[in-house]
Amino acid sequence: MLIDIGANLASHRFDGDLIEVLGHAKTASIERIIITGTSLQESQAALDLCTAHAEQFPQMLYATAGIHPHSADQFDPQSIASLRSIAEHPAVVAIGETGLDFYRNLASPEIQQRSFEAHLELAIELKMPLFLHERNAATRQLEILKTYRDEFGDAVIHCFTGDRKTLYKYLDMDLHIGITGWICDERRGLELQRIVADIPLDRLMIESDSPYLLPRNMAFSPKNNRNEPAFLPWVVTGLAAHRPETESEIIAKSGATAKNFFTI
């Protein structure tokens with residue numbers, strides 16, 4: 001069972017041909033897609049996509065609800081009430097995308113941390129898993145997670161691109177790891193290629209992060225240079241090149257893990 005745990009289908013880059021994109025995914029045997037919520041507006045849009053296409057694509061589309069650290073400056077006390085309302089819909093299966101990003105600091109570290117902690121508390125309140133982002137902020141993110149670890153349940157580090165030391169710290173905290181087309185990049189993905197076999201198979205999940213991170217190992221290049229869930233098998237191929245399991249084994253186990261993680 002191929003499950004894409006992170007696709008930004010609410011992006012404007014899918015305006016006009018989303019039905020075609022979902023059809024491509026179905027043809028590529030993508031059975032479930034989790035649409036990522038990255039702001040209040042996009043979290044609502046992700047949920048709206050799920051409900052609007054539920055009849056044509058039954059049990060295929062789910063969503064997360066959260067405010068990405070890049071958008072954390074929109075966070076205020078009312079934001080959590082709005083996210084709670086979105087997250088109470090049965091199609092919403094995780095809180096996030098949330099976390100810390102000190103690489104670009106599009107929002108201040110202080111507001112990012114307040115937003116992150118509020119998301120953690122919401123996930124604890126609603127007993128929902130967490131969909132986490134982190135870039136150049138592992139030390140502080142791990143400190144915050146450690147404070148709450150006895151209270152929240154499952155969490156996945158989405159689009160992991162860190163080093164071995166950071167990977168082991170997340171694994172020691174019993175977190176799951178999401179792998180994208182970064183594993184297929186012969187320029188930026190070399191460190192991930194060296195360490196990806198260290199991720200226990202039952203902690204591994206797969207995501208397109210479309211429309212971003214188009215796998216560079218693809219046999220063709222789409223004219224619009226846009227990634228989409230249908231290209232997830234190329235991520236599996238990239239993973240299998242650096243792990244002991246076959247592609248079929250990776251698909252079966254990661255799919256089962258995602259199904260249990262998100263209760264879908």
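Please refer to the structure placed before this passage.
All figures in this text were calculated on a predicted structure; none of them were measured in a lab.

Peer 1: Mind showing me how you'd approach helix α3 (residues 77–87) here?
Peer 2: Residues three or four positions apart in an α-helix share a direction because the helix packs 3.6 residues into each turn. Along α3, the residues classified as buried are S79, I80, L83, I86 and A87. What you see down the axis of α3 is that its buried residues fit within an arc of 120°, all on one side. Facing away from the buried surface of α3 by more than 90 degrees, the exposed residues are P77, Q78 and S85. On its buried side, α3 packs onto α2 (40–52), β3 (61–65), β4 (92–101) and α4 (109–126). Two to three positions downstream of the cap, the backbone nitrogen of Q78 sits 2.9 Å from a side-chain oxygen, assigning the N-cap of α3 to D76.

Peer 1: I'm lost on the packing of α4 against helix α5 (residues 138–148) in this one. Help?
Peer 2: Two packed helices can be described by the angle between their axes and the distance between those axes. Packing of α4 against α5 brings their axes to within 11 Å, and their N-to-C directions diverge by 30°. In terms of orientation, α4 and α5 fall into the roughly parallel class. Here the hand of the crossing between α4 and α5 comes out right-handed. On the side of α4, the interface is formed by Q113, F116, E117, L120, E121 and I124, while α5 contributes R140, Q141, I144, L145 and Y148. When the residues that make up the contact of α4 with α5 are grouped by side-chain class, the tally is six nonpolar, two polar and three charged.

Peer 1: Got a minute to help me understand the nonpolar core in this structure?
Peer 2: Soluble globular proteins: nonpolar side chains tend toward being buried together. Residues L9, I33, L145, Y170, I177 and I179 are the most contacted members of the largest nonpolar core, which totals 76 residues. Per-element accounting of this core gives the leading share, six residues, to α4. Grouped together as the second largest cluster of nonpolar side chains are 13 residues, I3, F131, V156 and A258 included.

Peer 1: Hey, could you run me through the pairing of strand β2 (residues 30–35) in this one?
Peer 2: Each regular strand shows side chains that alternate between the opposite faces of the sheet. With five of six residues buried, β2 is to be regarded as a mostly interior element. In this structure, strand β1 (residues 2–7) lies alongside β2, joined through four bridges in parallel fashion. The residue of β2 that forms the bridge with I3 is R32. Handedness of the β-α-β unit built from β1, helix α1 (residues 18–27) and β2 comes out right-handed. Note: β2 against β3, three bridges, orientation parallel. Its bridge partner lying in β3, I33 is registered against L61.

Peer 1: What exactly am I supposed to notice about the side chain of Q113 here?
Peer 2: Summarising the element assignment, Q113 is placed in helix α4. A residue is classified by how much of its surface remains accessible, and Q113, at 17% relative accessible area, is buried. Residues in contact with Q113, not counting those within four places in the same chain, are L100, F102, R140 and I144.

Peer 1: Teacher, can you tell me more about the packing of α2 against α3 here?
Peer 2: Between α2 and α3, whose axes approach to 10 Å, the crossing angle comes to 10°. With respect to α3, the element α2 is oriented roughly parallel. For the pair α2 and α3, the contacting residues are L40, S43, Q44 and L47 in the first and S79, S82, L83 and I86 in the second.

Peer 1: What am I meant to see in unusual backbone geometry here?
Peer 2: For residues that are not glycine, phi is negative in most cases, and the peptide bond is trans in most cases. A cis amide bond, omega 25°, links G96 with the succeeding residue E97. Looking at where E97 falls in the secondary structure, it is placed in strand β4. In this model, S210 is joined to P211 through a cis peptide bond whose omega is 15°. Tracing the sequence through the fold places P211 in the loop between β8 (204–206) and α8 (232–240). Its identity is not glycine, yet K127 carries a phi of approximately 55°, on the positive side. Summarising the element assignment, K127 is placed in the loop between α4 and β5 (130–135). With a phi angle near 65°, D174 is a residue other than glycine that sits in the positive phi range.

Rules of the game
- Residues numbered from 1 in each chain as written.
- Predicted model: local features only at pLDDT ≥ 70, side-chain atom pairs only at ≥ 80, totals over all residues.
- Heavy atoms only, no water.
- Buried < 20%, exposed > 50% of the residue type's maximum accessible area, 1.4 Å probe, protein only.
- Helix = DSSP H or I, 4+ residues; strand = E, 2+ residues; numbered from the N terminus.
- Arc of directions from axis to C-beta.
- Contact = heavy atoms within 4.5 Å.
- Polar contact = N/O pair within 3.5 Å; in protein donor to acceptor, adjacent residues only side chain to side chain.
- Axes fitted to C-alpha atoms, helices over the stretch in contact; angles between N-to-C directions.
- Parallel < 35°, antiparallel > 145°, perpendicular 65-115°, else oblique.
- Left-handed = near helix turned anticlockwise from the far one by under 90°.
- Nonpolar A, V, L, I, M, F, W, Y, C, P; charged D, E, K, R; others polar.
- Core = buried A, V, L, I, M, F, W, Y, C linked by side-chain atoms within 4.5 Å.
- Pairing = 2+ DSSP bridges.
- Right-handed = clockwise from strand over helix to strand, strands pointing away.

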